[in-house]
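Close look at the chain arrangement
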Amino acid sequence: MGGGAGTSVLCWILVAMIFRASPAASQAGTFVTAPSDIIVAQGSTARFDCIYLASFPISISWQKSGTAVSNPRYSVQVNGSLVISSTQAADAATYTCVVLNVLTGATAQSSAALRLAFIDNVFLVSPSSQTLTEGDSLGLFCVQGGSLPQASVQWTLNGVVLASSSRVTVQFSVLYGTSPQQVSSSLFVEPAQKNDSGVYRCVATNPLLPASPVTSDGADITVQGVPQAPNITSSPQGVVAVTGQQATFACKSTGVPVPTLSWMYSGSTLTLAGRVAFTQPMDGSSVLTISNVQATDVGMYQCMAANSVGQATSPPAALQIASIGTTFQLTPSTTAAVQGSTAILNCTSPVSVPQAIISWTMNFVPVTIPRAQVLPNGSLAITNLQTTDEGTYNCIAFNPLLNITRSSAGAQLYTLVPPTISPSSLSIAIGSTVTFTCSAASPVSQLLSWYNFNNSPVANDSHTSTAGGLLTIVNVSLSDEGYYICTAASYKGSVSTTALLDVQAPPILYTNNVSLTTVVGSSVTLPCNVRPELNLTFTWYFQGSKVSTGVLQSGALSIPSVSVSHDGNYTCLVSNQLGYAQELVTLIVQVPPTAVISPSLVNAILGQLVSLNCSTTGRPTPTIVWSSNGINVPNQNTPGYQLVYGGQVLVIPAVTTGDRGLFRCTAANPVGSAQSNATVLVTVLPQVTASPQTITLLAGATAYLSCVATGDPSPLITWSTYSVANILLLGDPRINVFSNGTLIIRNTVLADQMSYTCMASNVGGVASTTVSLTIFLFPLVTLAPTTTFLSGRNVSLDCGAAGNPPPFLHWFQNGVQLSSGGRFVIASNGSLLISNVALRDAGNYTCMATNTLGSASATTALVVLQAPIIAQPSGTIDVTAGFKAILDCTAYGNPTPIITWLQGGLLLPDPSLPRVSITTNYSLVISNVQPADALTYHCLASNAVGQTTGTYQLRVNVLPTVQALQLFVTVTEGNRADLQCTGSGSPTPSITWKRGVYSVPNATTPTYSVSTNGSSLSLAPARKADEGVFTCVATNVAGTAQTTVTLHVLVPPTFIVTPSNITTIEGVALNLTCSVYGDPPPTVQWLRGGVVLSSQGVYSIATVSRSNSGVYTCTAFNPIGLGSADITLDVLYPPVITSGPAPLVVNLYYPAIFTCSASGRPAPLITWQFQGSALATVGGALNVSSATGSSVGTYTCVASNAVGVVTASATLVVLFPPSAPSLTSVTTETSTSISAQWMPSASNGGSPITAYVVSYRVTGNLTFQSISVNSSTLGATIVGLSPYIAYDVQVQALNNVGMSSASAILQAQTLQDAPSVPRNFRITSSTSTSISLAWDTPDPQNGVLGLYQLQFAVEGTADNLFSSIFVFSQQATLSSLQAGIIYLLKLRASTIGTNGQSLFGPDALVRVQNGQPLPLPTTQPTTQPTTQPTTQLTTQPTTQPTTQLTTQPTTQPTT
């Protein structure tokens, strides 16, 4: 280190000498590279650089924490750097580079710190554990305790580093201000999934200590699935067990959390005990086992799954004990069926668990009839019934678990042979005679009967007759047309055959007034819908003229190309030798629309009205739709658009730029549409805006007047005043206009205050706006100090004010601001006008002038002189005699007036009038007023300005009196009643009337009226309710007086409640009540037929019978009058059903009609119920129009009236087609046959199954072919199929009602078979010694094609001596043939058999000589050459390797 310093000194002595020789040399130095803080890993090397530039010699040394470094691991480099090797903890300190000026001894220093890298294994992780639900958000936060330098942080899940993704977000941040530097990281997972469960850790790594990462404690996170209520996924199934054996039930469920399963027996929880056990593996499943099954175990078993969300219970599964009864539920009965049909022998086995297996015997041996089949319900169906099928049949039931058999009683089966009818059908003319002959076909004695098409017996009369199987119809009519039935009946039963009678008649039209619509140019056929008859002639007329062409053989009229001229009415006239008919046909011809818009180009000014006219043609008149730029208008965005003249004209009242574009008119009617376009262009007029439009400045300021103009094209801007363009720009250097249109006025003066107009113009027009410029001046006010006026004059206080803006003037009266109103008006010039000035207006008035710059004011004193004014100069004072009278006189004036009182020239008070005095406030008082005091009194008020007088009249009032002219008044109700009284007093009193506390007349007494003076109250008419006490009241200002009048009203007999008709029930007690009122009280009687029944108001009937029905009269009378009322008594009795409904059995979809009738009073209403629920049908007939399964049940006729209800019921049984059998398997048999097996139908629909129909088709085809087997057969073989073809098979059951639905389709494929001969076996090219051969694949192939065998030999060679080659392609080449020799070639194809063997088909033959084909001979040659030719075979294509075949003489070819 010393050597290094010495070298540095010598160098700098030389440098110093050089600098001393230069006057410009500087004595200052600087650190070029100063040491900087460094961080290193412990054990590594640390280096501080220190480079100092100076003009003098220096030496560099280092200090550690102020002490010179002296450690062998420390070294100072030649360039002054300090290097510390193998750093240790003690090396962490501050190091200083000390630079010494060797010449002067001055030093310069620069320090830096050395710190060793570290990382704290301290973490804060939050939360430490958490349980989430799937779909929630997971958030974790980690803070690392400190690291030098700053650490990086990662997150791990179960040790695997996590990276940001679509669901995972990792964030990193530095916690500034922490020492050592701490970092944090947050982890967000959203949405959380189950596989996010695990232990999360925060891993921090120091970049200088990469091998020593630190890891936080783990945060244990659990993500649960979304809670789900349990769901039973596999329910227990019913079990049939033999007593003593074991029964097992299984159950599976799902849910979150995993459900716990328990078992229930007959609704109660099942516990583990004795023979009962069940598993609970905690996976949501359970198996219940019951050992040694007993009868007590029989019942319903259910499993229940439960978790914290909810629970679920499986459907019940039954445990049953195997058993079989001894009695058949349905025993077969004797049955007869038609030959060739399906016969059903019904049988329902004894109650059996499990279901018994049913079989049948015929004549006590098992049924072997191939056409017989046992149906799923146990019934026996025999299809294509023959007479050989007759015999005794027994139903056999077998329980396979118990190995027990039961046999039913025997039932006889008969075959009915239908009779024959000749002829079976006949067509004759109306009015002819026809005969049908019916012959019995069975050797059994049969009775023949005829029925018509309504299934009613044919009558024997003059029109029809039946005898010995003959049916004769005389004078045949159209109503005779239809089917006739011949029925042959014997001890076996009855069977029928039908014959058809067709009656020819004059033409009969099915329709008339037909209307057709077509399009011009199309073809149309007008129908003539007539009943088909022989020899019909058709003639057409159009608008009355005959149509000569276009009449078709069917009678219709064909128009190949319709025009508008074809529109109109057509008549079809049809006739034959029996008559004629005609039909009217209306043809409506429609024409597609056309459309033309005018004008097609519009150039409008913005805001102008635009009208587009769409002219259209078409039949019918087309509707018009407008669009603008592809969008229909008008719409909500074009509220101003209007359609007029039925949409033909589109009006835009004020066009805008948004209206520019392509307008389209679309005309449409039912046969087409047409379009026309128009273009709308919009020119925008100039618009100009100025902001601000009002400018206010102090005098001397600069004014900027802005103006912005828009338009298309861009407008030109000019400024003017007084409508003179650019006048401001002439000769005034203060005024300029900028290029952007802004007008500038500098150093403004008051003369600049005016309006300035900015004008914008373009080719479309001119627009302008105005800017007002105002120059402000401070206000100034002048006002006279004092103003005097006489009261009543009009005063004007003028305020001289100046300022700009012109100041606003405000007036104040004694400090209170005034506003215009009433007598005070502030004139437009600011003067205050006071109309009719009064004494109260006196005071100080201040005028204040205010503008935006400030305010100024001046005050004047207003003095008002007022002559006396009496507040109430005249009036009348009312006072009651004996009371005190006070006359007030209040006067105003300036100066204050003096008050005096006078009466008839006498100054008051006066000693001659001791009851008269004057108060201190100048009121006149008269005590104990007498009528003589009713005089006129005067009040005199005077002051220096003038005087005035007030006049007052004293009026003395006297209390009234009243007297009734008649105190009691009596009238008959309905007559007029007059109540009268008289009254007196001063002033004359008014007369009013009261009844109780209410004045009369009033709104509730419209029959009351009073005389003009009120003294008479009239009631016209008087009512009983008016009876009572009335009060006559006399009233004047002095008071009131009253008297009373009593009114009594007599009333003739009146019914309180008018008797009304009575309806009652037979057998009850009844009171006829008659309530009558009258004054005096009336006498009441009940009568019937003029006989008095009762002399009281009530007539009682102890027990009502039907004979009590009739008319009863109530009479009432008193001295005033007589009254009577009639009532009718109606006696009701409950309904009785006279004819109830009968039970019915019908086929599916057939009608069922129940009838019911009943009697009663009132006539009963008949309604219907089904299974206890009400039906909408009302009346005696219930029609179930199309019976279905839901129609089966009990139907009830309900007859009801107001008295009672009675019912009668009957049942409806519906016979159904059987349910679909279950096709269990379809099996391949041979290359041309497959077999099918099935389980019988679960239900025969109530009618025995007669046959099963097996349908089959080639897979992919739509159409099935079918075969039928007897109902006892549960399998069939389908033959005659094609080889190696997949077939769909289904099976259906048949009974007398119909066919069942089809079973599920199963498939099978026939086996492969030998293919057909290869097609088109041919020579494609040849020479005299070689030939190339080709052929097409066989059709049909009958399987997967394998190889081809090509055999060849000289013609005449024996078959077993032919040479053979095998190829897989459809071509081959034979070479090295001998010229001139005839060869016979044979080609056959093969398919691959079931066991891999080749199935060869027939040969295709070719004769060839010299490479040319020859005709095949009728017989094959037999001569054999002594040698075989040498040949070469090449298989195609040529790109494959060539296979050579060489055949040597006397040897077979070798491949």
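All values derive from a computational prediction rather than experimental measurement. (Residues numbered from 1 in each chain as written. Predicted model: local features only at pLDDT ≥ 70, side-chain atom pairs only at ≥ 80, totals over all residues. Heavy atoms only, no water.)

**A word on the environment of P376**
This is how the line gets drawn: Each helix corresponds to a stretch of at least 4 residues labelled H or I by DSSP, and each strand to a stretch of at least 2 residues labelled E; elements are numbered beginning at the N terminus. Buried means the residue's accessible area, taken with a 1.4 Å probe over protein chains only, is under 20% of the maximum for its type, while exposed means over 50%, and partly exposed covers the values in between. We call two residues in contact whenever any of their non-hydrogen atoms come within 4.5 Å of each other.
With respect to the helices and strands, the residue P376 is situated in the loop between β39 (372-374) and β40 (380-382). Judged by its relative accessible area of 10%, P376 falls in the buried class. With residues up to four places along the chain from it excluded, the contact list for P376 reads Q355, P1240, S1241, A1242, S1243, I1249 and Y1252.

**Structural notes on the environment of G391**
As for its position among the elements, G391 is in strand β41 (residues 391-399). A C-alpha to C-alpha distance of 86 Å links G391 and A595, two positions 204 residues apart in sequence.

**Things to note about the side chain of S1015**
Going by this rule: As used in this structure description, the phrase polar contact means that two N or O atoms lie within 3.5 Å; if the pair is within protein, one of them must be able to donate a hydrogen and the other to accept it, and residues adjacent in sequence are counted only when both atoms belong to side chains.
Here S1015 shows up in the loop between β98 (1008-1010) and β99 (1016-1019). On the basis of relative accessible area, S1015 is assigned to the buried category, the value being 18%. Looking at S1015, its side chain comes within polar contact range of the side chain of N1013, at 2.8 Å. For S1015, the residues in contact, after removing those within four places along its chain, are L979, Q980, C981, I991 and W993.

**Let's talk about the pattern of salt bridges**
Side chains that differ in sign of charge can pair as their charged atoms come close. Here is the rule we go by: Take a side-chain nitrogen of Lys or Arg and a carboxyl oxygen of Asp or Glu: if they are within 4 Å of each other, that pair is a salt bridge.
Scanning the model with the defined rule gives 19 salt bridges in all. Where R275 meets D297, a salt bridge forms, and the shortest distance between an N and an O atom there is 2.7 Å. Note that R275 is positioned in the loop between β27 (268-270) and β28 (276-278) and D297 in the loop between β29 (285-290) and β30 (299-306), a separation of 22 residues in sequence. For R275, a relative accessible area of 29% corresponds to the partly exposed category. Under the relative-accessibility criterion, D297 is labelled buried at 8%. Across the pair D567 and R619 runs a salt bridge whose closest N-O atoms are separated by 3.3 Å. In this pair, D567 is assigned in the loop between β56 (557-559) and β57 (568-576) and R619 in strand β60 (residues 610-619), connecting sequence segments 52 residues apart. Exposure remark for D567: the relative accessible area of 24% places this residue in the partly exposed category.

**A word on the nonpolar core**
Nonpolar side chains in soluble globular proteins tend to end up buried together. Convention followed: Within this scheme, the nonpolar core is defined by two criteria: the residues are buried Ala, Val, Leu, Ile, Met, Phe, Trp, Tyr or Cys, and they are joined through side-chain atoms within 4.5 Å.
In terms of nonpolar packing, the biggest core is built from 23 residues, with L138, L140, W155, L187, Y200 and I221 touching the most fellow members. Elements with a minimum of two residues in this core: β14 (138-144), β16 (152-157), β18 (168-175), β19 (182-189), β20 (198-206) and β22 (219-224). Non-local contacts of Y200, meaning those with residues more than four positions away in its chain, are made with L138, L140, W155, T156, L157, L162, L187, D217, G218, A219 and I221. In this structure, Y52, F56, L82 and I84 belong to the second largest nonpolar core, which totals 22 residues.

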